[in-house]
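Structural characterization, general
If you want the building blocks of each chain, they are given just below.
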Amino acid sequence: MKKKISETINHSLVLMAFFCTILLSVIPGCSKTGQPPEPQPQPMEKAAEDNPLLSAFDTPFQVPPFDKIKEEHYLPAYKEGIKRQKKEIEAIVNNPEPPTFANTIAALDKSGLLLKDVNFIFKAMKSANTSPRLQEIAKDISPLKSGHKDDILLNAKLFQRVKAVYDQKDRLNLSEEQAMALEKYYKDFVRGGANLSPEQQDGLRQINKELSLLQLNFGDNILKENNRFELVIDNEEDLAGLPKAVIDTAAETAVKQGHKGKWVFTLHKPSLIPFLQYSDKRELREKMFKGYINRGNHGDELDNKDILIKILSLRDERVKLFGFNNHAEYQLDRNMSKKPEAVYDLLSNLWKRALALAKKEAKALQELIDKEGGTFKLKPWDWWYYTEKVKKAKFDVDENLTKPYFKLENVRDGAFYVANKLFGLKFIPMTNIPTYHPEVKVFEVQEADGSHVGVIYLDYFPRASKRGGAWMNSLRDQIRFDGKEITPVVTNNGNFTKPTADTPSLLSYDEVETLFHEFGHALHGLLSNGSYYKTAGTNVPIDFVELPSQIMENWMSEPEVLKVYAKHYKTGEVIPTELVEKIKKTKKFNQGFKRVEYLAASILDMDWHTAENPAQLDVDTFETQSLNKIGLIPEIVTRYRSTYFSHIFSSMYSAGYYSYIWAEVLDADAFAAFQETSLFDQKTAQSFRKNILEKGGSADPMTLYIRFRGAEPKIEPLLIRTGLIEE
Ligand SMILES: [Zn+2]
């Protein structure tokens, strides 16, 4: 599995609660004028008056006025947003007309626009530009939001109207998009407890409230753990083996963290991974590695074990209310995979192949250790180091040979180039636009004919206020209603290698993949062509949402594309063909490890969420048993251990971490359509755009896929691509 998967923590975009987002300026009654007076004391009034979140956004393309939004604006804006949506819901419920799709489902879909807007902005800032205060505010907001969501989903009169429409759905002559929106809303209500007794509904409310706080705590603890650990080196000899750029960055980190004149390494990936790859100091590699894998597991105030057991227990309790046997069944019911069995089938099919390969790799690494006169057995903190050596010997290529060809700005332009060749899109830099951080770059996206598509914010460097990984966020979803076209605003965020005083940002091969990956998510949001929030854009099941992102990685490594963007940052020389060929070969290198590491985490996720009586379980014991059962070798640690598995305990990937490989089957099969024609075949590109990117979640994913490809996806292209079977 590619490293980018570990980097790509939860794209916070999928399956948004239906009360989230959008643009104030086009919504009558959303600005502060014309609102009834606030029944609040004077100071609150004042706050609302000055709150930029409550006014029309007077910015290019009505993007958020980041220069005016302050932390204290969020909570009042959330409260106001909730209040407004309550009124809108009241109006739907009290409509004397009989329930119709338009006056109930469409009306519900367009309610809560202020809240959606505020929520998008707040979520984006909480991920990319947070602060202790913002983290605290999130704790106040979280119960407000989940309480409000419950108020809507448990509104019996509202549900009656939704159900009335649902019950006559076959006679309504609905479009495919409308039918799907109706289906999704109806299921939301059922899952929200609309069919439960009042006592059960109270219980559900309590569970949801507790869960949202526990999930926040889990994520907070990891953020704190990431920032707590530091390896301070004051003896130059201990830097042995590390490349200059890595040492320079460590020196800069040291200055920032109050260790001027020394070198500091952290658990953030751009610091951790090169250290594991290059440091000759085995005991220091062990220290770093153990620091990483023991996060949230120190038995102190940041320990996540009790929290995750509580999360699992509450999830289990919740799904029992709906007649599911476990949380995995409940989650997969609305995914493309539908059932846990389908997921376990795919995972175990791949596991057998991957494990066999990983064992061969471990043997080769041990042989190298022995040959060098090492008298120790290969351990997990040796894997990167010796793999790098084998890779160098075998392919005579190391990261540092390719990095100069992957200057961040060039790579970004390479992604733009692919979007242009496939879909005709153009990216125009915008400088007259407020951003939330000086490092953020903004581009307007246009069609080939110059018409406006949307806006994208690119925010690529790590900082203490940003969480780890890479992701795409929406700041505003595309939507069309009442004759208005609301255009999308999206972000791409990453934690890529920073420029230093004398070198620009030069990306590793994995980082290049990650950039293209997140850019694919951005295109999914930007090219959305929908009429209902519920089904537009990236509002698709999580095992489908990675198709548009993962497919982009294929173009990134094609020689035809590399020639365009992979140019040496000093000389402008195009990356040599033989280096490209070597890179292609190295793509299949170390696949056993990468796949095993990823699949183990996916299986662990499924095991946790199919387990009976989670309250009775001991975290370390369960994890060990789960991994022993599949025969994970001791030289490899699961990509995520339970106590820092934020995808599944503080994000929406619970019983969903498998989605990446599921989508990889899709992306390999989908890209084969271009391989069968040509890299930028216009007919295939148009079909992908029309049937997948523009459609969002407006139809069953398999139906959309078959429309694009003419058949269900096959697993073979993935097996060939990854070297898990012979070509
Ligand atoms: Zn992704």
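As the structure is a computational prediction, the values presented were derived from the model and not from experiment.

Helix and strand counts for the protein stand at 29 helices and nine strands. Computed over the C-alpha atoms, the radius of gyration of the protein is 25 Å, within 12% of the 27 Å expected from 2.2 N^0.38 for a compact globule of 727 residues. Seen along its three principal axes, the alpha-carbon backbone of the protein occupies a region of about 85 × 60 × 55 Å. Across the 727 residues that make up the protein, the buried fraction comes to 61%. Considering only contacts in the protein between residues 6 or more positions apart, those separated by 24 or more positions represent 77%. Taken as a whole, the protein presents about 28100 Å² of accessible surface, with 52% of it coming from carbon and sulfur. Positive and negative side-chain charges in the protein, numbering 98 and 101 respectively, have mean positions lying 1 Å apart.

This next bit is on the sheet that holds strand β6 (residues 471-476). Within the open sheet, the five strands sit side by side as β3-β4-β5-β9-β6. Their pairing is mixed. The two strands at the open ends of the sheet, each matched to only one other strand, are β3 (426-430) and β6. Averaged over neighbouring strand pairs, the angle between their axes works out to 25° when direction is ignored. Of the strands in this sheet, β5 (452-459), β6 and β9 (489-493) touch helix α5 (residues 113-128), which is tilted by about 150° from β6. Set on the sheet, helix α18 (residues 408-423) makes contact with β3, β4 (441-446) and β5; between it and β3 the angle comes to about 140°.

Turning next to the packing of aromatic side chains. Applying the stated criterion across every chain, the model contains 44 aromatic pairs. Plain terms: the ring middles of F289 and W381 are 6.2 Å apart, the flat faces sit at 50° to each other, and that makes the pair tilted. Remark: W381 occurs in helix α16 (residues 380-395) and F289 occurs in helix α12 (residues 282-293); sequence separation between them is 92 residues. Each member of the pair F289 and W381 is classed as buried.

A separate point is helix α20 (residues 547-556). Within an α-helix, residues lying three or four positions from one another point in the same direction, as the helix has 3.6 residues per turn. With ten of its ten residues buried, α20 lies for the most part within the structure. Taken together, the buried positions of α20 are L547, P548, S549, Q550, I551, M552, E553, N554, W555 and M556.

Attention now goes to the pattern of salt bridges. Should their charged atoms come close, side chains of opposite charge can pair. Evaluation of the coordinates by the stated rule reveals 45 salt bridges. Among the salt bridges present, the one from R721 reaches E664, with a minimum N-O distance of 3.3 Å. With R721 in helix α29 (residues 716-722) and E664 in helix α26 (residues 659-676), this pair connects stretches of sequence that are 57 residues apart. Judged by its relative accessible area of 25%, R721 is partly exposed. Assessed through its relative accessible area of 0%, E664 is described here as buried. One salt-bridge network, held together by shared partners, links E439, D459, R463, K466 and K498.

A separate point is the packing of helix α6 (residues 132-153) against helix α9 (residues 198-228). Put simply, α6 and α9 touch, their axes get as near as 9 Å, and they point 155° apart. Comparing their axes, α9 and α6 come out roughly antiparallel. Between α6 and α9 the crossing geometry is right-handed. Seen from α6, the contacting residues are Q135, A138, K139, S142, P143, S146, G147, D150 and D151; seen from α9, they are R205, N208, K209, S212, L213, L216, N217, D220 and L223.

With that settled, the discussion passes to the side chain of S271. By secondary structure assignment, the location of S271 is in helix α11 (residues 269-278). Among residues more than four places away in sequence, those in contact with S271 are F265, T266 and M288.

As a further point, take the confidence of the model for the protein. A residue-level look at the protein finds 93% of positions with pLDDT of 70 or above and a mean pLDDT of 91. Scored below 50 in pLDDT, residues 1-45 makes 167 contacts in the model with residues more than four places away or belonging to other chains.

So, about the pairing of β9. Counting buried residues in β9 gives five out of five residues, a clear majority hidden from the surface. Side-chain alternation along β9 places V489, T491 and N493 on one buried face and V490 and N492 on a second face that is also buried. Bridge count between β6 and β9: five bridges; the pairing is antiparallel. Paired with N473 across the bridge in β9 is T491.

With respect to the helices and strands, L54 occurs in the loop between α2 (42-50) and α3 (74-93). For the pair L54 and E341, spaced 287 residues apart in the sequence, the C-alpha separation amounts to 48 Å.

Okay, helix α4 (residues 101-109) next. Here α4 lies mainly inside the structure; seven of its nine residues are buried. Taken together, the buried positions of α4 are F101, N103, T104, I105, A106, L108 and D109. Looking at the buried positions of α4, the neighbouring elements they touch are α3, α5, α7 (156-167) and α8 (176-192).

What follows is about the side chain of D543. Mapping D543 onto the fold places it in the loop between α19 (509-526) and α20. No salt bridge is formed by the buried D543. Its closest oppositely charged neighbour is K338, at 7.6 Å. Separated by 2.8 Å, the side chain of D543 and the backbone nitrogen of S337 make a polar contact. Other than its neighbours up to four places away in sequence, D543 contacts N335, M336, S337, Y658, S659, W662, A663 and L666.

Our focus in this paragraph is unusual backbone geometry. For F61, which is not glycine, the phi dihedral falls at a positive 55°. The topology assignment puts F61 in the loop between α2 and α3. For F61, a relative accessible area of 26% corresponds to the partly exposed category. With a phi angle near 50°, Q62 is a residue other than glycine that sits in the positive phi range. Along the polypeptide, Q62 turns up in the loop between α2 and α3.

Parameters at a glance
What you see as residue numbers is a count from 1 along each chain, following the sequence as written. It should be noted that, the model being predicted, local features are given only for residues of pLDDT at least 70 and side-chain atom pairs only at 80 or more, the latter also being counted only at that level, while totals for whole chains, interfaces and linings use all residues. Note that the side-chain values use all heavy atoms of the structure and ignore hydrogens as well as water. Secondary structure follows DSSP: runs of H or I at least 4 residues long count as helices, runs of E at least 2 residues long count as strands, and numbering of each begins at the N terminus. Radius of gyration: over C-alpha atoms. The globule rule applied is 2.2 Å multiplied by the number of residues raised to the 0.38 power. The buried label applies to any residue whose accessible area, calculated with a 1.4 Å probe on protein chains only, is under 20% of its type's maximum; exposed applies above 50%, and partly exposed to all values in between. Contact definition: two residues touch when any of their heavy atoms are within 4.5 Å. Here, Shrake-Rupley sampling with a 1.4 Å probe gives the accessible areas, and only protein chains in the shown set may cover a residue. When charges are tallied, Lys and Arg are placed among the positive residues and Asp and Glu among the negative ones, while His and the ends of the chain are skipped. Lysine's charge is taken at NZ, arginine's at CZ, aspartate's at CG and glutamate's at CD. In short, DSSP must find at least two bridges between two strands for them to pair. Helix axes are fitted only over the stretch in contact, all axes being lines through C-alpha atoms; the angle between N-to-C directions runs from 0 to 180 degrees. Under the pairing criterion, centres of Phe, Tyr and Trp rings, with the six-membered ring standing for Trp, must be within 6.5 Å; the plane angle then separates stacked pairs below 30 degrees from edge-to-face pairs above 60, leaving the rest tilted. A carboxyl oxygen of Asp or Glu within 4 Å of a side-chain nitrogen of Lys or Arg is what we treat as a salt bridge. Geometric relationships in this document are graded by angle, where less than 35 degrees denotes roughly parallel, more than 145 denotes roughly antiparallel, 65 to 115 denotes roughly perpendicular, and other angles denote oblique. Each helix crossing is assigned a hand: it is left-handed if the near helix lies turned anticlockwise from the far helix by less than a right angle, otherwise right-handed if that turn is clockwise. On a range of 0 to 100, pLDDT expresses the predictor's confidence in each residue. Under this definition, polar contacts are N or O atom pairs within 3.5 Å; protein pairs additionally need one hydrogen-donor-capable and one acceptor-capable atom, and for neighbouring residues in sequence, both atoms have to be side-chain atoms.

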